[in-house]
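The primary structure of each chain is shown beneath.
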Amino acid sequence: MDFIFQKSQKKNNTDYGSVYARIRGKGINKKYSLGFTIKSTEWNRLKQLKYSSSSYIKSIGIKYEQFFNILLKVKNDYEKSINHSTARQT
């Protein structure tokens with residue numbers, strides 16, 4: 001699982017986009033919206049680890065540290081939900 005950013009196609013919101021959780025595997029390529037719309041510059045700072053954990057993501061009103069922890073929790077919860085004994089081998 002990884003997280004992707006998809007830019008908005010709306011005329012007035014080209015600086016913004018949505019954050020998705022993406023799951024890929026053999027025959028699987030799905031993405032699930034996390035419900036966050038942020039600026040592309042804020043997403044780039046997060047992905048490049050060029051942010052201060054105490055600084056805010058102004059577009060959603062929370063700190064980078066909090067947002068990072070949300071993404072980490074989504075990933076951990078997904079990985080815990082997989083039952084490896086019954087999953088198909090890839």
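Residue positions are given per chain, counting from 1 as you read along its sequence in written order. Reporting of local features is limited, given that this is a predicted model, to residues whose pLDDT is at least 70; pairs of side-chain atoms are given and counted only at 80 or more, and all residues count toward the totals for whole chains, interfaces and linings. Side-chain numbers here rest on the full set of heavy atoms in the structure, without hydrogens or water.

**Notes on the overall build of the protein**
For step 1, the next point in the chain: Helix and strand assignments come from DSSP, with helices taken as H or I runs of at least 4 residues and strands as E runs of at least 2, each series counted from the N terminus. Secondary structure summary: the protein contains 2 helices and 5 strands in total.
For step 2, the next point in the chain: By its C-alpha atoms, the protein is 45 × 30 × 20 Å across when sized along the principal axes.
For step 3, the next point in the chain: Among the 90 residues that make up the protein, the fraction classed as buried is 21%.
For step 4, the next point in the chain: Contact definition: two residues touch when any of their heavy atoms are within 4.5 Å. Pairs at least 24 apart in sequence give 27% of the contacts found in the protein among residues at least 6 apart.
For step 5, the next point in the chain: Per-residue and other accessible areas were derived by the Shrake-Rupley procedure at a 1.4 Å probe size, with only the shown protein chains allowed to occlude residues. Within the structure as shown, the protein displays about 6800 Å² of accessible surface, and the carbon and sulfur contribution to it stands at 47%. Working definition: with a 1.4 Å probe on protein chains only, accessible area under 20% of the residue-type maximum means buried, over 50% means exposed, and in between means partly exposed.

**Section: the nonpolar core**
For step 1, the next point in the chain: The biggest cluster of nonpolar side chains holds 13 residues, and the ones touching the most others in it are Val-19, Ile-38, Trp-43, Leu-46, Phe-67 and Leu-71.
For step 2, the next point in the chain: For this core, the elements supplying multiple residues, two or more each, are β1 (2–7), β2 (16–25), β3 (28–39), α1 (40–47) and α2 (64–81).
For step 3, the next point in the chain: Top element by residues in this core is α2. It accounts for 3 residues.
For step 4, the next point in the chain: Apart from the residues within four sequence positions on either side, Phe-67 is in contact with Val-19, Phe-36, Trp-43, Leu-46, Ile-57, Ile-60 and Ile-62. Residues belong to a common nonpolar core when they are buried Ala, Val, Leu, Ile, Met, Phe, Trp, Tyr or Cys residues joined through side-chain atoms within 4.5 Å.

**Thoughts on the sheet that holds β1**
For step 1, the next point in the chain: Ordered in space as β1-β2-β3, the 3 strands form an open sheet in which the pairing is antiparallel. Strands with a single pairing partner mark the edges of an open sheet, and in this sheet they are β1 and β3. When the angles between neighbouring strand axes are averaged without regard to direction, this sheet yields 30°.
For step 2, the next point in the chain: At least two DSSP bridges between two strands are needed for those strands to be called paired. Relative to β2, β1 runs antiparallel, the two being bridged by 6 bridges. Pairing of Asp-2 across the sheet is with Arg-22, part of β2.
For step 3, the next point in the chain: Each of β1, β2 and β3 touches α2; the most contacted strand, β3, lies at about 160° to it. Axes, fitted as lines to C-alpha atoms, cover a helix only where it is in contact. Angles between the N-to-C directions of the axes lie from 0 to 180 degrees.

**Examining the packing of α1 against α2**
For step 1, the next point in the chain: α2 packs onto α1 with a crossing angle of 70° between their chain directions and a minimal axis gap of 11 Å. Taken together, the axis directions place α1 and α2 in an arrangement best described as roughly perpendicular. Along the contact surface, α1 presents Glu-42, Trp-43, Arg-45 and Leu-46, while α2 presents Tyr-64, Phe-67, Phe-68 and Leu-71.
For step 2, the next point in the chain: Residues are grouped as follows: Ala, Val, Leu, Ile, Met, Phe, Trp, Tyr, Cys and Pro are nonpolar; Asp, Glu, Lys and Arg are charged; all remaining types, including Gly, are polar. Residues that form the contact of α1 with α2 fall into these classes: 6 nonpolar, no polar and 2 charged. Each angle gets one of four labels, with under 35 degrees taken as roughly parallel, over 145 as roughly antiparallel, 65 to 115 as roughly perpendicular, and the rest as oblique.

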